[in-house]
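Analysis of the macromolecular model
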Amino acid sequence: MPVTKRYLNSLDKIYRDILAAFPQFDATRRVGYGLAYQSLYSALDGKYSLGEIKLACEQMAQGGAVEIRNKIFVHPTALGEELIAAITGQQPAPRFPFRSFSPPHR
């Protein structure tokens, strides 16, 4: 289901600001690359407290827009990437162009 302008406008500003911060913090980021809460706080220049950012990210995780890993890193899901592209007006982040590196098995 595509993200509509009406849906975007219905989101609280903190959610839109957090999602827009991903490409702002790292314009070369790839699909699914995450940021730590502290990085989001930095990208948002103190507009929200660290606690507000954490709570908002937890809410977005419950809604399926992000995944929180290791209790600190926020990774956009496919829905999150679609929202980021719609909010910023940019093309979705590119996928990683090759398989992950695997060390030799011992």
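What this report covers is the structure whose coordinates are included nearby.

Rules of the game
- Residues numbered from 1 in each chain as written.
- Predicted model: local features only at pLDDT ≥ 70, side-chain atom pairs only at ≥ 80, totals over all residues.
- Heavy atoms only, no water.
- Axes fitted to C-alpha atoms, helices over the stretch in contact; angles between N-to-C directions.
- Helix = DSSP H or I, 4+ residues; strand = E, 2+ residues; numbered from the N terminus.
- Parallel < 35°, antiparallel > 145°, perpendicular 65-115°, else oblique.
- Contact = heavy atoms within 4.5 Å.
- Nonpolar A, V, L, I, M, F, W, Y, C, P; charged D, E, K, R; others polar.
- Buried < 20%, exposed > 50% of the residue type's maximum accessible area, 1.4 Å probe, protein only.
- Pairing = 2+ DSSP bridges.
- Salt bridge = Lys/Arg side-chain N within 4 Å of Asp/Glu carboxyl O.
- Core = buried A, V, L, I, M, F, W, Y, C linked by side-chain atoms within 4.5 Å.

What about the packing of helix H2 (residues 13-25) against helix H4 (residues 50-62)?
In contact at an axis separation of 10 Å, H2 and H4 are set at 90° when each is read in the N-to-C sense. Between H2 and H4, the angle is such that the two are roughly perpendicular. Contacts between H2 and H4 involve Ile-14, Tyr-15, Ile-18 and Leu-19 from the first element and Glu-52, Ile-53, Ala-56, Cys-57, Gln-59 and Met-60 from the second. In the contact of H2 with H4, the residues fall into 8 nonpolar, 1 polar and 1 charged.

Observations concerning unusual backbone geometry
Where the residue is not glycine, phi is negative for most of them; where a peptide bond is considered, it is trans in most cases. Phi at Asp-45 is positive, roughly 55°, even though this residue is not glycine. Inspection of the secondary structure assignment puts Asp-45 in the loop between helix H3 (37-43) and H4. By relative accessible area, which is 71% here, Asp-45 ends up exposed. Backbone geometry places Asn-70, a non-glycine residue, at a positive phi of 55°. By relative accessible area, which is 67% here, Asn-70 ends up exposed.

Thoughts on the sheet that holds strand S2 (residues 66-69)
Spatially, 3 strands are ordered S1-S3-S2 in an open sheet, and the strand pairing comes out antiparallel. One side of each edge strand has no neighbouring strand; the edge strands of this open sheet are strand S1 (35-36) and S2. Looking at chain direction, S2 and strand S3 (residues 73-76) are connected through 4 bridges and run antiparallel. The residue of S3 that forms the bridge with Arg-69 is Phe-73.

Re the pattern of salt bridges
Taken as a whole and judged by the stated rule, the model has 5 salt bridges. Among the ionic pairs, Glu-81 bridges to Arg-29, the shortest N-O distance being 2.7 Å. Of this pair, Glu-81 sits in helix H5 (residues 78-88) while Arg-29 sits in the loop between H2 and S1, placing them 52 residues apart in sequence. The network of salt bridges with common partners includes Lys-13, Asp-17 and Lys-47.

Here we look at the nonpolar core
Counting 23 residues, the largest nonpolar core has Ile-18, Phe-22, Leu-40, Ile-53, Cys-57, Met-60 and Val-74 as the members making the most contacts within it. Secondary structure elements with two or more residues in this core: H2, H3, H4 and H5. No other element matches H2, which puts 6 residues into this core. Dropping the residues within four chain positions of it, Ile-53 is found in contact with Ile-14, Ile-18, Tyr-37, Leu-40, Tyr-41, Leu-44 and Tyr-48.

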